[in-house]
Structures are given as C-alpha cells and as structure tokens.
Amino acid sequence: MAEFNVYFNGEKLPIRVLGGFTRGPMVGEYENKTIDISDMDGTEVISSRIKEGVIEVPFVIQGDLHTAHDEMMRILNVDEPKKLQFSDQMDRFYLAIPQGKPDAEELVQWFEKGSISFLVPSGVAYAEEETIVTNDREVVTETFVIDGVQGTGSLFDGQIKTSFAQEQYDELVDPSRYVRSETNIVDCGAEIQFKFNVIQILETKYPNLFSGLTTIKEKEARLHDFMKNVTLISSCRGGGMNEANIASSLKYYLIHILASDNKSTWRVTTGAVGANDFNNKQVKLTGSYPKQMNDGNYVFYISSKKNGNSDNGAISDGITPAWVEVKDVKLEIELELPRKQTLIINNEGTHKTAPEFSFEFEEDNGYIGVVHQDGIIQYGSPSEVDGVTKQKSVVLLQDRFDNNKGWEINSTKAVTMLPMTANGTVKWDPIQSFVYPTDFGTGDGWHGVTLTQALSQEADNFTLESLSRIQDIWAEKAGRLEFTISAADGTPLFSMQFRDDSVSSSQNQFWAYVGNQEVDRDTSTWRWRWWLGSLTVRKAGNLWEWTIQNGQNKWTRQYLDGGYTVSNKKAARITIAFAAFGDKKPIAWEDVAKNKSGMGWSELRFVKDNVDFWVDLPNKMKAGDTVEIRNTEGKIYKYWQNQEPIQDMLDADIGNNYFLLPVGESEVQFHFSDYMSEPPLITAKYRKTYR
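Note that this is a predicted model, so its numbers are computed, not measured.

Asks: Please provide a residue-by-residue account of the nonpolar core, values included.
Replies: Proteins that are soluble and globular tend to have nonpolar side chains buried together. Grouped together as the largest cluster of nonpolar side chains are 44 residues, with contacts concentrated most on Phe483, Trp546, Phe578, Trp601 and Phe606. Sort the elements by how many residues they give to this core and strand 43 (residues 571-581) lands first, with five residues. Of all hydrophobic cores here, the second largest spans 41 residues; its members include Phe210, Ile255, Val268 and Val324.

Set out below in structure tokens:
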C-alpha cells in the first residue's frame, strides 16, 4: 500500500497517518437560513451557505519524537491559512490553519499516537491547477464542396450554360464517378463552372465575423482581413484538338478564376500535357488571387479551353469533341477568426467558484462591461460607448513623388482656383523624391502644368499632410504653387496657394480658400520667403484647420463653415498646379543646383478620418494596458503599460455585483467602447472548487 502523506504550507509533515482516515464527502457544513410564514405549511429557505469545516488527522510518530515534534511545530507555525494537501488527492488543496493543541500520547518508547485538527474557513477544497479560458483568435479551416448548397455547378456547351442536375452533384460525391462536359462547336472548348458560396456559408456559421456590415463588398473586405490561406483541390482531365495546331489532338485542361470585375478570367493552373489519368492538384491562391470574388462567391472554370480567354487549350474541330472531366473539386479556406465577446466557462468542480478576468488591450478603450446571469461589473465610462463613435482612419493616398503613381497630367478634371492654361510637362526625380515642372507651356496669363488624382474613396473628414517648395533667391522670376481638394462634381473644397507674383521680390505670399471663399492670407511678412516647408489640412464636420511651417515659422488657422457651404460635400480628388505668368521668367527646377531656385512637390499623405467632431477624447485604457477584475476580492486592478498593478476603484461602478460561477456551463458576455475594431484578449481564470 502506498505511503499516505500530509503536506502543509508546501512541506511534508513528519507523521504517518493511521489507516481508515477519511475526510468524508465534504468538510464544511450546510447552513440554511429559513423563515416561517404564518398560516403556511413548512418553512421557506432564504439563503444557504457552507460553513467552516474541521479536518482531524490521526497519526503516529515513530523514532526520535523530540526531533519530530520540533519539525512539526516549525511547519505548523503560521498565522493565516495555508495550503493543506493529502497524497491521495494532490490535484486539490484546502486553505487551512491548525486549530487547538495537537493531541499525542506516547504508548511505548519512541512510539506516539495522536491527532492534529485543521480549521478550513471556507469549508471547501480548491483545484491545484487553475482553469484558463480565453477568447484568443482561433484558426479554423473550412471546406466548401459542390453540393448545391455550399457550391453550385454549371455545364457549358459553347456559350450555352446549363445548371447541374442532381445527377452531377451525385457524380462528384461518388469517388468512382465524375462530371463530364463536351462540345462539338467549332473552335470552342468544353467548360464546367464551379461557384462556391463562401460569404453566405460563413455568415451562417460565424455571424460575428461580419457583424455590423451590410454590403457584400464590406463583407468580402472583412473576410480578406481574417483569411490566411485559400486552396483549390481538384482532380481533372481533358482534351480535344490542339488550338495551336488544329491538325493534332491535345490532352490538356486549364483552371481559371473569375476576376472581381465579373468579366475577365485569370489562369490558376493547368494539367499535365498528354496525361490520360486524372490529375490531382492542390493550388494555393497567392498574391491578388484571393481577392477575386464576385457577390461573395469564388467562381472557377475547369475547361479544355476557357472560351473568351487567350490561353491556349484543346478545342473542337466540329468532328472531334472537346471535353473535360472533373472527379473532385473543393475549396479550403483557412481563417483566423476574430476574438469573441462571449466566453463559455464550464465549472467542472462541485461548488461555485470566483473567476478572475484580465483584459490585454491592443488599442484604446474607455469601458468594460461584464455580464453574467448572477452579476454585472462595469469599469470606465458607459457614456463613451453610447456617445462618441471613433473608427479607424484609412490612408487613401501616400506618395513621395519618386515616380508617377497614378497622377494625370493636365487632366480635364483638374480643379484650380488659379485661372490658368495647363499645357506644360513635369518630371519625377527618384533621387530627390520631388516632382517638378520641366516646361511651363505657353499662355498670355498664368500657364503651366497640373497633376490630378482621384482618391480611392471619398472622404467626409480627413487629414492631408504634404511637403513642397517654391524659391526665387535672386528675385527675378514669377510663379505660383497651388493645391486644391475638390468634390466629385468639381466643386473646390479647399485650396492653398503660394504666390511669387513679382520679379523684383523674393517674397512669397500665402492664400487659403474654403470653397470659393478666401479665408486666410499673409501678404505683409517675409516668413514664407524661400518656401520649403510642410502643409497640413484637417477637416472635421464643418471645421477646417490648416497649418503651414517653414523652419521655425509656423502658422495655424481655423475656419468654421457655419452654413455648410461646401462642408457637406466629400473630398474626391486632389490637384497640384505649377504656374508661370506670360513671358516672365518661370521658377524652373533646373536652377536649384545653380542658385537655389525652383518649384516642386515632395510628399503628400491623405488620410480619411471617421470622426464626426474634432475632439481629442482621453481614453481610460490605452494600448498596452491590462485590467484585472478579481471577483475573489471584489476589486479591479489596472496595469499601466505593463507596470505593477494598481487598485483602481474610482472608475468602477459603485453598484457592481461581483459574482461566482455555478457548477456547469456559464455564459459571460463582455462589452467595450464601440470604436474598438476588435475586443481585447480576454483571459478568465478560476479554480475548480470541491465541497
């Protein structure tokens, strides 16, 4: 029989436990509070709890009793409950403290029999190992098949499309059968279309994946954010006459994907030329291929020759058919699912237990709400959830002007405040990262060159940052540098100009417009002379703010478009203009190396801001912070940027109801500020508790 040992405060007691020792079904006692209601039978239970318990350990000591006594008293010398464990159940412990006097009787020399009593204040035992549940991102692989639900199929005879009958779906399920398409139409290939209903199926299985989204395009974009891999698995063969040499036959097949424009097809892979057997393939989509979706579907064509596509294949000559056979086709998508806001916690103990929750934030947050059937805990400001909605900013345009990244030169869609003739030319300098005019063209008034680019999406609120240059050191030239933000209908929203209109002065003047309204100018100072500086424009609602800085000279102004003259329109296009006047000497870039004169643009960054009002709201929790809710203590702790925890009850709701997890499954819901893009990493820890 194995030796039975008792451990207290991490040390083995120098005793041998007598046979027959048992702790019984439970240590503590039930205590029920009841109330008698007059004229009613029985009594009503108003509360029930487990009282403290006592564990009495009978023992014998054999050998050097004095040494054993000293060792025992040393181990038992504590002033608060410590871990008490028994070797038959080392997976759990009691928090206990010795009670009363250890009783012992020396029966014969060097042999003693006695007992020790331990008070267990909680009356329960706790699991040695903590149970941990998290909402960490889960990686799953979803397989889509062609069964009429997850995916559908169609046969093509030339341009005639026939949807699969049940027979074709059955053929794909049976490993001994296959789906066949053939055509005798001259110069045509045989095709089979397979459409996988990805968004529809995933939305049914993982509704949280697309929560808050309404359009298919939004859902496709969300899917791409969480998609790790897309793999097409197939078993095919095909043949016909060689399109490149119609006199010879060709055993061959191709697989194409329908591009997101719903028109063109891109080749994914091809079969082995001349193969008689089914060719088994697994092709992982890479690059921009995973983004080729149509209405939430991936559409593939397996063919002997994809009709309408220039890729060579096997076709029919009108006598010999073109054919393709598919034994198996399926799509595997590997997803990293977003974190959930709900934890399912299974308490496998025999008594309720207190959980602890920790929240590791990767972005700012102002509120935590924890909801359980037995309690609600709040920390931070719920009004921040209901009040301000803050969303992630998106970079729509970023350019260092080392080469042309989509700018239209002298476009008819260019919008300028400056009346000018645009017939000049520009050059991109990859070494200096500048674009500058090489020819200002001709004209009696202002003439030069414009650069125009449409934003990838329209923006209500935005921030534009840029770096530009206009310098005429020797005061002998004239020129203007301008940029304009305009709406899709051509309405100018904001314009800024640097003017050097005099050939006898090197002073630059600064002008700004909101719509067609002049809102700022500086014509009386020399602070913008030899301009080589930064320019920032911000719009939030109907508030416009601009900052220009040239060395130590800085200028910030605001304008409130009270009547929403143009502020109700969205920014859609940016135009940069370089101009000279009549036959006056232009501020040419080629003079930079000679005499420090020149005009050009170096950097531009346009960010769409999704906030309605330009208010910098301090957030209770910053990225890098950790918050702990300890139900065992009924307290909340905060770790500022991974520092030591500090108890923070000032922002805890005074009505917080800290709760215990009952035996069995519990659902705990969590709520955070609306502007968070994803919940933080939530970790729930608890010890199973045993009566």
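Asks: Outline unusual backbone geometry, listing residues and values.
Replies: Notably, Asn410 is not glycine yet its phi reads approximately 55 degrees, a positive angle. If you trace the backbone, Asn410 turns up in the loop between strand 30 (408-409) and strand 31 (420-422). Given a relative accessible area of 23%, Asn410 falls into the partly exposed group.

Asks: Before we move on, could you go through the packing of aromatic side chains and cite the residues and values that matter?
Replies: One pass over the full model with this rule turns up 26 aromatic pairs. Through pairs of rings, three or more aromatic residues link up here, namely Phe462, Phe483, Phe494, Trp544, Trp546, Trp601 and Phe606. Taking the ring centre of Phe93 as reference, the NZ or CZ of Lys83 above it sits at 4.8 Å. Over the ring of Tyr178 we find Arg237, and its NZ or CZ is 5.6 Å from the ring centre.

Asks: Account for the pairing of strand 36 (residues 479-486), with residues named and values stated.
Replies: Strand 36 sits mainly inside the fold: eight of its eight residues count as buried. Of the two faces of strand 36, the one carrying Gly479, Leu481, Phe483 and Ile485 and the one carrying Arg480, Glu482, Thr484 and Ser486 are both buried. Two elements, strand 36 and strand 37 (residues 492-500), share eight bridges in a ladder whose sense is antiparallel. Along strand 37, the bridge assignment pairs Thr484 with Ser495. Where strand 36 and strand 43 come together, seven bridges link them in antiparallel fashion. When the bridges of strand 43 are listed, Glu482 appears paired with Ala577.

Definitions and limits used
Residues numbered from 1 in each chain as written. Predicted model: local features only at pLDDT ≥ 70, side-chain atom pairs only at ≥ 80, totals over all residues. Heavy atoms only, no water. Core = buried A, V, L, I, M, F, W, Y, C linked by side-chain atoms within 4.5 Å. Buried < 20%, exposed > 50% of the residue type's maximum accessible area, 1.4 Å probe, protein only. Helix = DSSP H or I, 4+ residues; strand = E, 2+ residues; numbered from the N terminus. Phe/Tyr/Trp six-rings, centres within 6.5 Å; stacked < 30°, edge-to-face > 60°. Lys NZ or Arg CZ within 6 Å of the ring centre and 35° of its normal. Pairing = 2+ DSSP bridges.

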